[in-house]
Number of protein chains: 2
Amino acid sequence: MRRVAVAGVGLTPVREHWEASHRDLFAEAALKAFDEAGTDEIDALYVSNMGSAILQRQLHLGAMMADALGKRGIAALRVEAASASGGVAFHEAVGAVASGRYGCVLAVGVEKMSDVLPEEVASATSMSEDQEYTAYTGVTNAGLSAIIHRHYMDRFNVGAEEIAMFAVRGHEHAVGSPHAQYPFKVSIERVLASPMEADPIHVLECSGVGDGAAAVLLRPADEVEDGVEVASTAVATGIYNLTGRPDILVFDAVREAADRALGASGVSREDIDVLEVHDDTTICGILALEDLGFVEKGKGASFVASGGTAREGDFPTNTFGGLKARGNPLGATGLYQIAEVAVQLRGGAGPCQVNGAEVGMAQSAGGLGSTCAVAILRRC
Amino acid sequence: MRRVAVAGVGLTPVREHWEASHRDLFAEAALKAFDEAGTDEIDALYVSNMGSAILQRQLHLGAMMADALGKRGIAALRVEAASASGGVAFHEAVGAVASGRYGCVLAVGVEKMSDVLPEEVASATSMSEDQEYTAYTGVTNAGLSAIIHRHYMDRFNVGAEEIAMFAVRGHEHAVGSPHAQYPFKVSIERVLASPMEADPIHVLECSGVGDGAAAVLLRPADEVEDGVEVASTAVATGIYNLTGRPDILVFDAVREAADRALGASGVSREDIDVLEVHDDTTICGILALEDLGFVEKGKGASFVASGGTAREGDFPTNTFGGLKARGNPLGATGLYQIAEVAVQLRGGAGPCQVNGAEVGMAQSAGGLGSTCAVAILRRC
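The rules behind the values
Residues numbered from 1 in each chain as written. Chains lettered and ligands numbered in written order. Predicted model: local features only at pLDDT ≥ 70, side-chain atom pairs only at ≥ 80, totals over all residues. Heavy atoms only, no water. Buried < 20%, exposed > 50% of the residue type's maximum accessible area, 1.4 Å probe, protein only. Helix = DSSP H or I, 4+ residues; strand = E, 2+ residues; numbered from the N terminus. Pairing = 2+ DSSP bridges. Salt bridge = Lys/Arg side-chain N within 4 Å of Asp/Glu carboxyl O. Least-squares fit on C-alpha atoms with pLDDT ≥ 70 in both. Contact = heavy atoms within 4.5 Å. Buried area = accessible area lost by both parts, 1.4 Å probe. Polar contact = N/O pair within 3.5 Å; in protein donor to acceptor, adjacent residues only side chain to side chain. Nonpolar A, V, L, I, M, F, W, Y, C, P; charged D, E, K, R; others polar. pLDDT = per-residue confidence, 0-100. Axes fitted to C-alpha atoms, helices over the stretch in contact; angles between N-to-C directions. Parallel < 35°, antiparallel > 145°, perpendicular 65-115°, else oblique.

Draft legend 1. Layout of the pairing of strand 2 (residues 44-48) of chain A. Residues and elements named next belong to chain A. Buried residues dominate strand 2, accounting for five of its five residues. Alternating residues of strand 2 divide into Ala44, Tyr46 and Ser48 and Leu45 and Val47, and every residue in both groups is buried. Of the strand pairs in this sheet, strand 2 and strand 3 (residues 75-80) are connected by five bridges, and their pairing is parallel. Counted as the bridge partner of valine 47 is arginine 78 from strand 3. In this structure, strand 2 lies alongside strand 4 (residues 105-111), joined through five bridges in parallel fashion. Residue pairing in the sheet places valine 47 in a bridge with valine 108 of strand 4.

Okay, structure coming up:
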């Protein structure tokens, strides 16, 4: 297996892009990645997307998007693993270059959520959960998160304020980011005064609805100068339904994927300078910090509140705002995270820069953590 | 890249399975493949599926199906490339074993079409085509095929009877198949007397609606005795919309994928003893024979009519009935084809056996041929 590097990335701002189709967003991100990489000679395209069958009544995005780029003849496919689609597609794309099957591969996540009714978005997102056992009840993903959130507060005697600080940190970090959906500070008072999305989770503790596309172009590392290499990637699954888990405060798939990725890379947690975690709600961000092994179970919220995830903290986390403030265009989110880590390691993060960042990790979750993808990148 | 072998396959009959969910069908196929292979120690699961977001309101099949097998912790994902999903998932799974990333990988295609209204099935299948340029008009896939069919008849002066013979051959081959949806002969008169699906295509020239799951378990070839190895696989895309193609009677992606797969395997067309092609309509089966290079453009229909694709013909094709008679459960179909080739090469096809089959090819198409996956298998 040869070493693989990120040759270029391209991000659209996460917004309600009323004037652009998902094809437009895809193309914008892809062309930016081509520009950065100085090549458009790709052999394969991995498209990550979650909801287009519902949101655009469109399948077959691989062929559609390859054609949109004029890249006829290349291999192209769509990878779907709910909101982990981007991280999983990256894992597949990295494997394809590492093995020598393809020389140059483009992975693009795209999601267009804002041109349908909110109930259709809710319907699409709830399809990450089991339709026969869970989703049919009408419970939303935030509703399931709320069960976890409440239980976490009770078991570890943690206050709403500490958990809500995850959202405050995200918004702090998003300030100055050119692609963040909500690049402004939000006070803890405002978070806690926002309406309940699913008690005890406030609206401002949930990621919003946004459109975006994120592209990452991969090449063999020996063809990329002064770049960022992929140290390792891993994908794992866990118990699918919350009701089947021995402990709903532990996401086994996150633990498993982290252990595998760290083991394969030889990187230790202490080496990680930049971390992107999947905070579709504040509590999920906190569980991710714990299950990835950066902080003890039950200590995540106080770690965040005390500044551990701040830009100057022990583990700067969600450095462009995370799902909460950068935005969460579902199938694209995992590739936003990976691209952001790459930008940090190249020193190109501007006002969001973490000084001296050499190694970074991105963690992407599908559903309530039943799929997890972890990628570790480092300067090369 | 190490050699990869098919260690086991598992097929459910293609039927209207009113009593079984897509999870049930998936599990039945997977467990059969485990039994055949003598192992269930898989590292990864590739699920191919096209329409479950519409048909079952379910996404995230990777984690869901891994859990259904009790295989928590493994990597799992869904691959989607419309009706080529199965062939594309196989290509990905083969790459993952060949590269050494995983030791043992299960690829399962599953589709459950019969528990929703016919218009929802039509809606899901039309999502393989471009919603902004084509599908929004309401044209069905059969409607698009009809344009090709009519033009083929005109340009090559071919009669309806010759094209319809593709369906007759499929039904002949399905007789005795334990998993075929329609394992009985259909006369040419009956095909041509059936109602028009989309003039000039008759209902009995189209694949029907059916449920099914097909599993293929892959391992390194040196761990499989007396088996079938994967000589090569390839995926290619072509111009997405029919209106953009210089010649609607040529599927470029099919030509490209065939050339790549043949080139990589060192196999020549003359070596192919068993061929499975994607005949969602009779004309598409005929174009596949031509674009794969088994017969000259314009000669496919007469080749079929004169027995070239019969069990004793030059290129025995669709030896368990093809999409027409075995059935076409969309995202599962590509893996049915590949499993059928493997069964033929092992000499286990019973009344459907092609004598002395040593090398086989399966061709899977997404939409009107804008994605094509080709796999070549041989005895090892």
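Structure's up, so let's keep going.
Draft legend 2. The arrangement of the pattern of salt bridges in detail. In this structure the tally under the stated criterion is 43 salt bridges over all chains. The salt bridge involving arginine 72 of chain A is made with aspartate 67 of chain A; its shortest N-O contact spans 3.0 Å. Taking relative accessible area as the criterion, arginine 72 of chain A reaches 48% and is therefore assigned partly exposed. Note that glutamate 256 of chain B and arginine 260 of chain B form a salt bridge whose closest N and O atoms lie 3.1 Å from each other. Taken together, the residues span about one helical turn, with glutamate 256 of chain B and arginine 260 of chain B both in helix 9 (residues 252-265) at a distance of four residues. Its relative accessible area of 33% is what places glutamate 256 of chain B among the partly exposed residues.

Draft legend 3. Expanded view of the relation of the copies chain B and chain A. Of the transformation superimposing chain B on chain A, the axial component is 0.0 Å and the angular component is 180°, with the fit at an RMSD of 0.0 Å. The symmetry that links the two subunits is that of a two-fold axis. Of the residues that chain B buries at the interface, 98% are likewise interface residues in chain A, meaning the two copies contact each other through the same surface.

Draft legend 4. Just the interface of chain B and chain A, in detail. Counting residues at the interface gives 60 residues for chain B and 59 residues for chain A. Surface buried jointly by chain B and chain A totals about 4700 Å² across both partners, of which 47% is contributed by carbon and sulfur atoms. The largest share of the area that chain B buries against chain A comes from Arg57, His60 and Arg101 of chain B, three residues that together contribute 16% of it. Along the contact surface separating chain B from chain A lie six salt bridges. A salt bridge links arginine 23 of chain A to aspartate 130 of chain B, with the shortest nitrogen-to-oxygen separation between them at 2.8 Å. Here chain B is connected to chain A by 40 residue pairs in polar contact (both at pLDDT 80 or more). For the side of chain B that touches chain A, the elements supplying multiple residues, two or more each, are helix 2 (52-55), helix 3 (61-68), strand 3 (75-80), helix 4 (85-98), helix 5 (118-126), strand 8 (228-237) and helix 9 of chain B. Split into classes, the residues belonging to the side of chain B that touches chain A amount to 27 nonpolar, 18 polar and 15 charged.

Draft legend 5. How the structure looks around the confidence of the model for chain A. Overall, the prediction assigns chain A a mean pLDDT of 97, with 100% of residues at 70 or greater. Here the prediction assigns the complex a pTM of 0.98, and the interface score ipTM is 0.98.

Draft legend 6. Molecular detail of the packing of helix 7 (residues 160-174) of chain B against helix 10 (residues 282-291) of chain B. All names here are of chain B. One way to put it is that helix 7 packs onto helix 10 with a least axis distance of 8 Å and a crossing angle of 95°. One way to sum up the angle between helix 7 and helix 10 is to call them roughly perpendicular. Of helix 10, the residues touching helix 7 (which contributes Ile163, Ala164, Phe166 and Ala167) are Thr282, Ile283, Gly285, Ile286 and Leu289. The residue inventory of the contact of helix 7 with helix 10, partitioned by class, reads seven nonpolar, two polar and no charged.

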